[in-house]
Amino acid sequence: MATNKNLRFKTSRRFGMNIYGHPKALKRQPAETRQKKMSEYGLQLAEKQKVKALYNLLERQFYRYYDKARRMSGVVGENLLSLLETRLDNLVYRAGFARSIRQARQMVSHGLIAVDGKKVDIPSYPVRPGQVITLKEAYRTNEMFKQAFLELKSFDLPYVEKSFDNWSATLVRTPLREELPYKDEVNETLIVELYSK
C-alpha cells in the first residue's frame, strides 16, 4: 500500500501551519530567501497540497473525493471538505484518541477503533451522522491513549460530541464550512479551480 513519506516538519513550515499537530513543527524558522511571486497555478497547487497534507492523503485518493464532491448537490469545495472531515481516521484524530492524523490512521488500520460497536479497520470509512466511534476497551488503560483522550481536549467541535466516561465520540451532524478547525487557513475554491481546468 502506498504511504505518504513527506517530511512532517518541512511540510508544516512550507505551508505556515502546524499540519501534523506536533508541538515542535513550527519552532525552526525557515531561512530568509527571496520569494518569487507565485503564479495563479502555483497558488492553486499549493492549496491542494496543503489540504492533502492535512488529511494525509495521496493524489489518487484526494481526486476521488473531489470527483464525488463534484457530483453532489451544493458547493463543490464545501462538499469536498465535508467528505474529508467525516473520514474515520480524521474523526479519531478530532475526538482526541490520537495526537496526529498519522497516529489516528494507524490506530484504525490496527483494529483499535469500533464504529457502533463493530470493528472498522478502514481509515477512509465514511462516518455518518449519529454513528458512535469508540476506542476498544482493551486499549483504554494504555497511558498514551489515556493521556491523549482525557487530557488533550484541543478539539472542541460542535459536530463531534465526546463522552469521556464511555471513551466515545459521536458525529452529531455533517460539519459546516465555518466550523472546521482550519477554516481561516484553507481556500478550497482554489482546489476546485485547479481541477476544473
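Each value, and the rule that gives it
Sequence order sets the numbering: in each chain, residues are counted from 1 along the sequence as written. Note on the predicted model: pLDDT of at least 70 is required for a residue's local features to be given, and 80 or more for side-chain atom pairs to be given and counted; whole-chain, interface and lining totals, by contrast, use all residues. In computing side-chain properties, one takes all heavy atoms of the structure into account and sets aside hydrogens as well as water. Where helices and strands are cited, they refer to DSSP runs of H or I of at least four residues and of E of at least two residues respectively, numbered from the N terminus. Three labels apply to residues, based on accessible area from a 1.4 Å probe with only protein chains included: buried if under 20% of the type maximum, exposed if over 50%, partly exposed otherwise in between. The criterion used for residue contact is that any of the two residues' heavy atoms lie within 4.5 Å. Per-residue accessibility takes into account occlusion by the displayed protein chains alone, with areas from the Shrake-Rupley method and a 1.4 Å probe. As used in this record, nonpolar core signifies buried Ala, Val, Leu, Ile, Met, Phe, Trp, Tyr and Cys residues forming a set joined through side-chain atoms within 4.5 Å. An automatic or database domain assignment supplies the residue ranges for each domain. Two strands form a pair only when DSSP identifies at least two bridges running between them.

Enquirer: Looking at this structure, how should I read the overall build of the protein?
Expert: Within the protein, the secondary structure is distributed over eight helices and five strands. In the protein, the succession of α and β elements from N to C terminus is α-α-α-α-α-α-β-β-β-α-β-β-α. Residues counted as buried form 46% of the 197 residues belonging to the protein. Counting contacts in the protein only where the partners sit at least 6 residues apart, residues at least 24 apart contribute 56% of the total. As displayed, the protein has an accessible area near 11,500 Å², and 50% of this comes from carbon and sulfur atoms.

Enquirer: What is the right way to read unusual backbone geometry from this model?
Expert: With the exception of glycine, the majority of residues adopt a negative phi angle, and the majority of peptide bonds are in the trans configuration. A positive phi is found at N56, a non-glycine position, where the angle reads about 55°. Residue placement: N56 occurs in the loop between α2 (40-54) and α3 (59-71). With phi around 55°, W167 is a residue other than glycine that occupies positive phi space. For W167, the position within the fold is in the loop between β4 (160-163) and β5 (168-171).

Enquirer: Got a minute to help me understand helix α4 (residues 76-85) in this structure?
Expert: In an α-helix there are 3.6 residues to a turn, and that puts residues three or four apart on one side. Counting buried residues along α4, eight of its ten residues qualify, which places the element largely inside the surrounding structure. Residues of α4 that are buried: G77, N79, L80, L81, S82, L83, L84 and E85. Tucked inside the fold, the buried residues of α4 contact α2, α3, α5 (88-95) and α8 (188-196).

Enquirer: Whenever I open this one, the nonpolar core confuses me. Can you help?
Expert: Most often, soluble globular proteins have nonpolar side chains that are buried together. If you look at the biggest cluster of nonpolar residues, it comprises 44 residues, and the most contacted ones within it are L88, V92, F97 and M107. Each of domain 1 (6-22 + 36-82 + 177-194) and domain 2 (87-169) gives at least three residues to this core. In this view, M107 contacts V92, F97, A98, L112, I113, L135 and F145; residues no more than four positions away in its chain are not counted.

Enquirer: What am I meant to see in the pairing of strand β3 (residues 132-135) here?
Expert: Regular strands show a simple pattern: their side chains alternate between the two faces of the sheet. Where strand β1 (residues 113-115) lies against β3, three bridges are found, and the strand directions are antiparallel. Paired with V115 across the bridge in β3 is I133.

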